[in-house]
Amino acid sequence: MKALTWQGKRDVRVETVPDPKIEEPTDAIIRVTSSGLCGSDLHLYEVLTPFMTPGDILGHEPMGIVEEVGAAVPDLQVGDRVVVPFQIACGNCWMCLTGLPTQCETTQVTAEGMGAALFGYTRLYGAVPGAQAEYLRVPQAQYGPIKVPEGPADDRFVYLSDVLPTAWQAVAYAEVPKGGSVAVLGLGPIGDMACRIAQVQGAGRVFGVDLVPERLRRAKARGVETFDLRSFDDEKELVEAIRDQTDGRGPDAVIDAVGTEAHGSAAARMVQNASALLPRKISGPMAERFSVDRLAALYTAIELVRRGGTISLSGVYGGMADPMPMLTLFDKQVQMRMGQANVRRWSDEIIPYLTDEDPLGVDDFATHRVPLDEAPEAYEMFQKKRDGAVKVLMKP
């Protein structure tokens, strides 16, 4: 089959690799019909290279048709149309039963000290072959895949794999009071969708911050009060501008949908780039112990949120030696929640919104649809924010 493989920093290639096979009775094989390109994939493309191995198959946002089912998968049949969550979880352990499948005790990558295994996401999360491919082996298929109806295009459902539950959890963790205010930092796919979810769940005011014109226009067209970072000389001006809209206090909640790729510390960027150039035997252990993030978005969130407010982190961070302004966090009495989205915890709440009325705008959420053969060009376009790229879907 064809699959997109990682070969090095900013080097991904479509190659022919062996077809996946059933390896465990809880496996299923799906023929991928759509697969998303996620902002998290750019971390592998740019920042997390010490944890990658040449030949790794990328991607974690698939949907498709079931082609083969293991003997211990009672609820799937060949021909079923399914969305596959980005995390791999059993559904039966204590963590799964308490709504934390991203911490699944069956698939935890204990050798690396990490949570549940993820598709296409470094050795830290199990080095499981990913979904930017023609076919995908799905472990723990007795729980993971979400069956969806025939009829609507893939765009209606594919975001159940990651974008929708990640944005949904971001809003849930933000605990925006009814009629309250929330600021979303970063209007990429997750930030854009978080704004939409906050609106349908009753937020009174939703502020969106970005510096990409197309992203700002998309959010503004849906009623988000947008702030263009390029219009401010520094963070303090931005913070004051939003505070002026919230009686001088700041918003009730801030969602950081940017993560470690934020524009900010040149020194942190230099460290990230240097670690990617080191020999693999050195760069991996060094990154695990001494890695740092570019924390511009998080620092802005801490400064911006009102006293007693909540910060919700959905942007990916990977640093192990990051300085945190604990005095400010403590003094402002800030609550903070974060983590990978627990897809199956939220999917049943989200599905009622995936109707012909399309309140979340999923049917036209993608800005680009490309064949798998053009995936390397799509990565470069998305990484450089060219051609208005906000969300890319690949069609194997």
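Computed from a prediction, not measured in an experiment: that's the story for all the values here. (Residues numbered from 1 in each chain as written. Predicted model: local features only at pLDDT ≥ 70, side-chain atom pairs only at ≥ 80, totals over all residues. Heavy atoms only, no water.)

### Focus: the packing of aromatic side chains
Working step 1: Taken as a whole, this structure holds five aromatic pairs when the rule is applied.
Working step 2: Here the aromatic rings of Y159 and F365 are separated by 5.3 Å at their centres, their planes lie at 75°, and the arrangement is edge-to-face. With Y159 in the loop between β8 (146–147) and α3 (163–174) and F365 in the loop between α11 (343–350) and β15 (368–371), the pair connects residues that are 206 residues apart, well separated along the chain.
Working step 3: Centre to centre, the rings of F207 and F227 are 6.0 Å apart; their planes meet at 65°, and the pair counts as edge-to-face. Highlighted residues: F207 in strand β10 (residues 205–210) and F227 in strand β11 (residues 225–228), separated in sequence by 20 residues.
Working step 4: Judged by relative accessible area, F207 falls into the buried class, the value being 0%.
Working step 5: Its guanidinium or amino end placed over the ring of W346, R345 lies 4.0 Å from that ring's centre, counting from NZ or CZ. (Phe/Tyr/Trp six-rings, centres within 6.5 Å; stacked < 30°, edge-to-face > 60°. Helix = DSSP H or I, 4+ residues; strand = E, 2+ residues; numbered from the N terminus. Buried < 20%, exposed > 50% of the residue type's maximum accessible area, 1.4 Å probe, protein only. Lys NZ or Arg CZ within 6 Å of the ring centre and 35° of its normal.)

### Let's talk about the pairing of strand β2 (residues 11–16)
Working step 1: With six bridges connecting them, strand β1 (residues 2–8) and β2 associate as antiparallel partners. Of the residues in β2, the one forming a bridge with A3 is E15. (Pairing = 2+ DSSP bridges.)

### Focus on the side chain of K332
Working step 1: Considering the arrangement of structural elements, one finds K332 in helix α10 (residues 326–332).
Working step 2: Despite its burial, K332 pairs with no opposite charge, the nearest such side chain being E303 at 5.6 Å.
Working step 3: Among the polar contacts made by the side chain of K332, one reaches the main-chain carbonyl oxygen of I302 at a distance of 2.9 Å.
Working step 4: The residues contacting K332, other than those within four sequence positions of it, are R243, I302, E303, L304, V305, R306, R307 and G308. (Lys, Arg positive; Asp, Glu negative; His and termini not counted. Salt bridge = Lys/Arg side-chain N within 4 Å of Asp/Glu carboxyl O. Polar contact = N/O pair within 3.5 Å; in protein donor to acceptor, adjacent residues only side chain to side chain. Contact = heavy atoms within 4.5 Å.)

### Topic: the side chain of D210
Working step 1: Turning to its location among the elements, D210 is positioned in strand β10.
Working step 2: The side chain of D210 sits in the buried core without any salt bridge; R215 is the nearest counter-charge, 4.1 Å away.
Working step 3: Among the polar contacts listed, one links the side chain of D210 to the backbone nitrogen of L187, at a separation of 2.6 Å.
Working step 4: Setting aside chain neighbours within four positions, we find D210 in contact with G186, L187, G188, R215, L216, F227, D228 and L229.

That is the geometry; function is a separate question.
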